[in-house]
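Structural description and commentary
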Amino acid sequence: MGIVDVRTGAEGKPTPEELRGIALRMRQDIILCTTAAGSGHPGGSLSAADFLTALYFREARHDPANPGWPGRDRIIFSKAHITPAIYSALALSGYFPEEDLAGFRRLGSPLQGHPDRLKLPGIEISGGSLGQGLGVAAGCALSARMSGLPCRVYAIMGDGEQQEGSVWEAAGAAAHYRLDNLCGMVDKNGLQIDGRVCDVMNIEPLADRYRAFGWHVVEADGHDMERILSAFGEARAEKGRPTVILMNTVKGKGVSFMENEAGWHGRAPDRDEGLRALGELGADMARVERFLSRAGGLGDRIALEHGSRIPSEKRPYWWNSQDRMRVEMRATRMGFGDALEKAGEDPRVVAFGADISDSICMSRFHKPRHPERKARWVSAGIAEQNMTAMAAGLAREGWIPVIGSYGVFATGRNWDQLRTTVCYGNLNVKVAVAHGGISVGPDGATHQSLEDITLTAILPNMSVAVPADAVETAKMTEHLLLRVVGPCCIRFAREATPVVTGPGTPLVFGKANVIRFRRETERFVDAFETVPSGTYASENEDATVIACGPEVPEAMRAAYILKKEHDLEVRVLNLHTVKPLDSEALVRAAAETGALVIAEEHQRGGLGNIVAGALANSDRLQGRQYLVRMIGMPDAFGESGQPWELIWKYGLAAEHIADKVLELVELKRKSSAQSAWNAVC
């Protein structure tokens, strides 16, 4: 078994010693990929290297020359973030040249941050959201039985992932249907992002749990090649029920300073750390330099290609590209963390961790200065649906629970709990919608939250805020937590973005801010005047740009470009509060400027359709002419790439906004000229 040549029937069968050599090469590839990309998940990739090697080269039947061969065994990755190991396994098996690993997490490469079956042969199912792979594998195993195919199905999971309830739904179904062609594997390295699995949310006794669900259980040293092969043999021999192999492993295995360190779950080594790790792994340093050089050159070409597509102006206007109009860059998630720490002074506030607590700054509630708040810190583990339901229970009893995760999980995976339990009951649950937008970058489509505004704003009783920068995020977080009673979502980004507001910038919940460019200054933020929409008197601007979140700084920069290059006056509306919506400000903008561009780092229409609906329902605008265009993601999933490369590629930069404004202003002028001509005639 192992790699099969379908044409000749030949099968490879490397020895355990040869397999250990392949696993070592895989570990080198893992470090090379993550070092070159500057991102990725080395810890869990290294822990899985030995049993993945055994699976791809001795256990599973597959043909790299015929990835769609119906008789192949299916390998399903539920633990899909270990793409450095997955891609190395595919390259070493012959699905693509090993040198192509240099494209890991690069824009345009099939080697996405999380696997995409539509881009890369050898990937059976796209992944990135934990807890789903075992159910997919059960479906594949059931299909094989129905179709009479002799193939086996393998599902690779993490141990922290066992906290997801969907794993146990799938486990129950697989046992019910007696799927003895299904083999699950749990990479039991004992660590997840927030720390030790037993501390975050204990899953033990895991073996007894699977046995209780009707599975055959095998326990193995996941770094002992002979024992791994024996475990696979035992699983194949089991009849009448599925088998799970609990692979006892060491996170970061093979690299001394990574072993048993939770911090290496999702942090890539820098160049010095990477070279040190590769030295420990006995890598050919000439190959290392060639790989890193190839990856660097590829990154430069991608940045040049997409940067050159930005609509050009007479001089550079990109952030901090000139001596004047300088901005500070700070991640909006930092503003959330600042405010949550401060709000924690209120004894009613309870914060939930969902295994990415440091990443989204949720852990600032108690780390490092407030250990006494640990009694109000609830570790939910990788279980967003349960976290939401638990928070609803706390809210019912008078607490102010704050839950959060990456936006795709905080609003998507648990949408029914938000709808039925939280919003229908109008419970005071606060939701941190982190890592919003395409600028999440290299993690790719599965982690880029591009649908959450639509998902949350449609819910009755839910307030939705999308602040522009770190300062505004801090203000809005404090307001939503302590002054608004009822369900609330606050959306913020991962990457550092321009700080365009200050402590004195007005912020009125439910009222948009009007922002006007006044003059070039040393600091970008000082070049603009900001007032609440209710106090603003029209200046007969040529157009309005309506934006929320990180698109607000881009809208401001567009207003700057349009004034300096085209002598156009632009009103910018910062819709920091998407719901309740400031409909009056929108209607006034349409009536007074006649040209509206709506910009959002979201699927086009999330904010745009909400704005369009408000305009369509306005009696004041009936019979009046105004032009509207939307800028956002074009009904597509994102992809891996550097944040600003993705902003450029998908047309979300200020230059793209300015281009759209120019188009509308020209259309407005032509329409006015035609109307005047018709009146004369």
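Here, every reference points to the structure presented above.
Conventions used here
- Residues numbered from 1 in each chain as written.
- Predicted model: local features only at pLDDT ≥ 70, side-chain atom pairs only at ≥ 80, totals over all residues.
- Heavy atoms only, no water.
- Salt bridge = Lys/Arg side-chain N within 4 Å of Asp/Glu carboxyl O.
- Helix = DSSP H or I, 4+ residues; strand = E, 2+ residues; numbered from the N terminus.
- Buried < 20%, exposed > 50% of the residue type's maximum accessible area, 1.4 Å probe, protein only.
- Contact = heavy atoms within 4.5 Å.
- Pairing = 2+ DSSP bridges.
- Axes fitted to C-alpha atoms, helices over the stretch in contact; angles between N-to-C directions.
- Parallel < 35°, antiparallel > 145°, perpendicular 65-115°, else oblique.
- Nonpolar A, V, L, I, M, F, W, Y, C, P; charged D, E, K, R; others polar.
- Expected span 1.5 Å × (residues − 1).
- Polar contact = N/O pair within 3.5 Å; in protein donor to acceptor, adjacent residues only side chain to side chain.

**Thoughts on the pattern of salt bridges**
- Enumeration over the complete set of coordinates arrives at 50 salt bridges.
- Of the charged contacts, one joins Arg105 and Asp443 as a salt bridge, the two residues approaching to 2.8 Å between their closest N and O atoms. In this pair, Arg105 sits in the loop between α3 (83–93) and α4 (133–147) while Asp443 sits in the loop between β12 (430–434) and α15 (452–457), placing the two residues 338 residues apart along the sequence. No difference in accessibility class separates Arg105 from Asp443, as the two residues are buried.
- For Glu341, the salt bridge identified is with Arg369, shortest N-O distance 2.8 Å. Residue Glu341 is found in helix α11 (residues 332–343), and its partner Arg369 is found in the loop between β9 (349–353) and β10 (377–379); the two are separated by 28 residues along the sequence.
- Taking relative accessible area as the criterion, Glu341 reaches 9% and is therefore assigned buried.
- The class for Arg369 is exposed, based on a relative accessible area of 53%.
- Sharing partners across several salt bridges, the network here consists of Arg516, Arg518, Glu529, Glu539, Glu541, Lys563, Asp567, Glu569, Arg571, Arg588 and Glu592.

**Overview of the environment of Ala351**
- When you line up the elements, Ala351 lands in strand β9.
- Residue classification places Ala351 among the buried residues on the basis of a relative accessible area of 0%.
- As a C-alpha pair, Ala351 and Glu522 span 171 residues in sequence and 40 Å in three-dimensional space.
- With sequence-adjacent residues up to four places away left out, Ala351 is seen in contact with Met362, Phe365, Arg376, Trp377, Val378 and Val402.

**Description of the sheet that holds strand β7 (residues 243–248)**
- Strand order in the open sheet made by the five strands is β1-β2-β3-β7-β6, with parallel pairing throughout. At either end of the open sheet lies a strand with only one pairing partner, and these are β1 (74–77) and β6 (216–221). The mean angle between the axes of side-by-side strands here comes to 20 degrees, regardless of whether they run parallel or antiparallel.
- Inspection of the sheet shows β6 paired to β7 by six bridges, in the parallel sense. Counted as the bridge partner of Asp221 is Asn248 from β7.
- Each of β1, β2 (153–158) and β3 (182–188) touches α4; the most contacted strand, β2, lies at about 175 degrees to it.

**Focus on the side chain of Thr501**
- One can find Thr501 in the loop between β15 (496–498) and β16 (513–517).
- Classification of Thr501 as buried rests on a relative accessible area of 10%.

**Thoughts on the packing of helix α12 (residues 384–396) against helix α14 (residues 415–423)**
- At a closest axis distance of 10 Å, the pairing of α12 and α14 adopts a crossing angle of 10 degrees. What the angle tells us is that α12 and α14 run roughly parallel. Residue-level contacts link Gln385, Thr388 and Ala392 of α12 to Gln417, Leu418, Thr421 and Val422 of α14.
- Grouping the amino acids of the contact of α12 with α14 by side-chain chemistry returns three nonpolar, four polar and no charged.

**Structural notes on the sheet that holds strand β11 (residues 400–406)**
- Strand order across the open sheet formed by seven strands is β10-β9-β11-β12-β14-β13-β20, with mixed pairing between neighbours. Two strands in the sheet have a free side with no partner beyond their single neighbour: β10 and β20 (577–579). Strand after strand, the sheet turns through a mean of 20 degrees between neighbouring axes, direction not considered.
- One ladder, built from three bridges, connects β9 with β10; its direction is parallel. Each residue of the ladder has a partner; that of Ala351, found in β10, is Trp377.

**Looking at helix α8 (residues 225–237)**
- Relative to the 18 Å expected for 13 residues at 1.5 Å per residue, α8 spans 19 Å between its end C-alpha atoms, a close match to the ideal helical length.
- Buried residues along α8 sit in contact with α1 (16–37), α2 (42–59), β2, β3, β6 and β7.
- Measuring from the side-chain oxygen of the N-cap residue of α8 to the backbone nitrogen of Glu226 gives 3.2 Å; that N-cap residue is Asp224.

**Some words on the environment of Gly398**
- Structurally, Gly398 can be placed in the loop between α12 and β11.
- C-alpha separation for the pair Gly398 and Asn428, spaced 30 residues apart in sequence, amounts to 8.4 Å.

**A look at unusual backbone geometry**
- The peptide bond linking Glu204 to Pro205 adopts the cis configuration, its omega dihedral lying at 0 degrees.
- For Pro205, the location among the structural elements is in the loop between α6 (197–201) and α7 (206–212).
- Here the residue pair Lys579 and Pro580 is connected by a cis peptide bond, since its omega of 5 degrees sits within 30 degrees of zero.
- Its place among the elements puts Pro580 in the loop between β20 and α18 (583–593).
- For Arg178, which is not a glycine, the phi torsion comes out positive at approximately 50 degrees.
- For Asn461, which is not glycine, the phi torsion reads 75 degrees and is therefore positive.
- Secondary-structure assignment places Asn461 in the loop between α15 and β13 (463–465).

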